[in-house]
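# Summary of the model geometry
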Amino acid sequence: WGRAREMDRQVLHDLFTAAGGEKWKKKDNWNTNSQLSQWFGVVPFSEDEERVRDLVMYNNRLTTIPENTLGKLAEIQVLGLTGHVGLTDPIPTDLGNCRSLTKLWLYENRHQGNIPESLTQLSNLRELLLYGNRLSGPIPSTVSNLSNLRVLYLFGNSLEGSIPEDIGRLEQLEDLDLSKNRLSGSIPLSIGLLKSLKTLHLNNNHFSGHIPEELAGCVNLERICLHSNQFTGRIPEHIGDLKRLKVLNIANNRLTGPVPQSITDCTELTEIRLHANEITGVLPAQLHHLQQLNTLWFQNNQLEGELPIEEFLQMPKLKVLWLQQNRFSNSEAIDVLRQERGDLNCVF
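The written sequence of each chain sets the order in which its residues are numbered from 1. A pLDDT threshold of at least 70 governs which residues receive local features in this predicted model, and a stricter bar of 80 or more applies before side-chain atom pairs are shown or counted, although totals over entire chains, interfaces and linings include all residues. The side-chain values count all of the structure's non-hydrogen atoms but skip hydrogen atoms and water molecules.

### Let's talk about the pattern of salt bridges
Short version of the rule: The term salt bridge refers to a pairing of a side-chain nitrogen on Lys or Arg with a carboxyl oxygen on Asp or Glu at a separation within 4 Å. Each helix is a run of DSSP H or I of at least 4 residues and each strand a run of E of at least 2, with the numbering of both proceeding from the N terminus. The buried label goes to any residue with under 20% of its type's maximum accessible area, the exposed label to any with over 50%, and the partly exposed label to all in between, with areas taken from a 1.4 Å probe on protein chains only.
A full pass over the atoms with the stated rule returns eight salt bridges. Two residues, Asp8 and Arg51, come together in a salt bridge whose shortest N-O distance is 3.1 Å. On the criterion of sequence distance, the pair formed by Asp8 in helix 1 (residues 2–18) and Arg51 in the loop between strand 1 (42–44) and strand 2 (52–58) is long-range, its members being 43 residues apart. The residues Asp8 and Arg51 share a single accessibility class, namely buried. Residue Asp166 is joined to Arg169 by a salt bridge in which the shortest nitrogen-to-oxygen separation is 3.3 Å. Overall, the relative accessible area of 27% leaves Asp166 in the partly exposed class. The exposure class assigned to Arg169 is partly exposed, which follows from its relative accessible area of 45%. The structure contains a network of salt bridges with shared partners spanning Lys319, Arg341 and Asp343.

The following block contains the structure:
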């Protein structure tokens, strides 16, 4: 135990030396004989303890995370080294040895290279936040081994390949954000097994294929953002099963067919963005059931029929209504809506 205590202090010493510690913005008590609880960004298990529980620093001018260093912190639970533009090297593979980690935050750095597969050995991990780097390559297929994972944020990188087919094994997952990468392929059908999922952000990638009906199995979903991809086919008929859905953004794809009538069953919706698709047919009846709706963007589609002006008038929270570049037959009725609802940003 004593040797382990000394090792944690030595690991921090090695990090300070390798990562340009003398130029850090804050380095209170680093490389001194002070208790680790007095070192900036270090939290031991107790005030007089020498085992590192948390190491968290943001924008502190770190220049590297050397290999075979932090992986020796055997008991560390939270590692957060974020906001360091000088961190350009790959993520160290030896972090996979930190088996007690529950939170790994390495976001808003400039890490390059692949996501180390060794990270998928961290079976206690609840949060994996690697967003805003320059990571490339695929999402490791073994990511589904992280059975305790609640949050997976990989957005804002240059990741390629597809979503692992067995993503549905992450039964505890609540927030999944893979947006703003170069991912492709279709959404795995297993995604419907994610009963705890609340947010799904896959926007700004190269995904294709249909939006799977299985998505309706994610009964706790509150936000779906699939915009700016290449999805085809129809909006899932069972979208109405998502009773907690607040935001639906599937704009800027190649979707066809009508807007499902069941969408009016999503009575918690505050925002619907379906613009820039090839959606046809008439607007669903009983839109006024969406009493929480604030924003409705249907522009740039092939919708037709009469605008349900009376429905819109019964939606008191509606503030943005964009309908231009469709084929509605009663465009003059929009003047009535503008007169009745002067607070409504209405574009036709």
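### Digging into the pairing of strand 2
Heads up, the rule is: For two strands to be treated as a pair, DSSP must find at least two bridges joining them.
Looking at chain direction, strand 1 and strand 2 are connected through three bridges and run antiparallel. Note that in strand 2 the partner of Pro44 across the bridge is Val52. Of the pairings in the sheet, the one linking strand 2 to strand 3 (residues 78–82) comprises five bridges and is parallel in character. Looking at strand 3, one finds that Val56 is bridged to Gly80.

### Notes on the environment of Ala18
Using the following cut-off: Any two residues having at least one pair of non-hydrogen atoms within 4.5 Å are treated as being in contact.
On the secondary structure map, Ala18 appears in helix 1. Residue classification places Ala18 among the partly exposed residues on the basis of a relative accessible area of 38%. Sequence separation between Ala18 and Leu178 is 160 residues, and the spatial gap between their C-alpha atoms is 32 Å. Those residues in contact with Ala18 that lie beyond four places of it in its chain are Thr63, Thr64 and Pro66.

### Brief notes about the nonpolar core
Put simply, the rule is: Here, nonpolar core refers to any group of buried Ala, Val, Leu, Ile, Met, Phe, Trp, Tyr and Cys residues whose side-chain atoms link them within 4.5 Å.
The biggest cluster of nonpolar side chains holds 96 residues, and the ones touching the most others in it are Trp30, Leu55, Leu70, Leu104 and Phe312. Within the residue set of this core, elements represented by two or more residues are helix 1, strand 2, strand 3, helix 2 (309–313) and helix 3 (334–340). Considering every element that reaches this core, the biggest residue donor is helix 1, with four residues. Apart from residues no more than four positions distant in its own chain, Leu104 is found in contact with Leu79, Leu95, Leu119, Leu122, Leu125, Glu127, Leu128 and Leu129.

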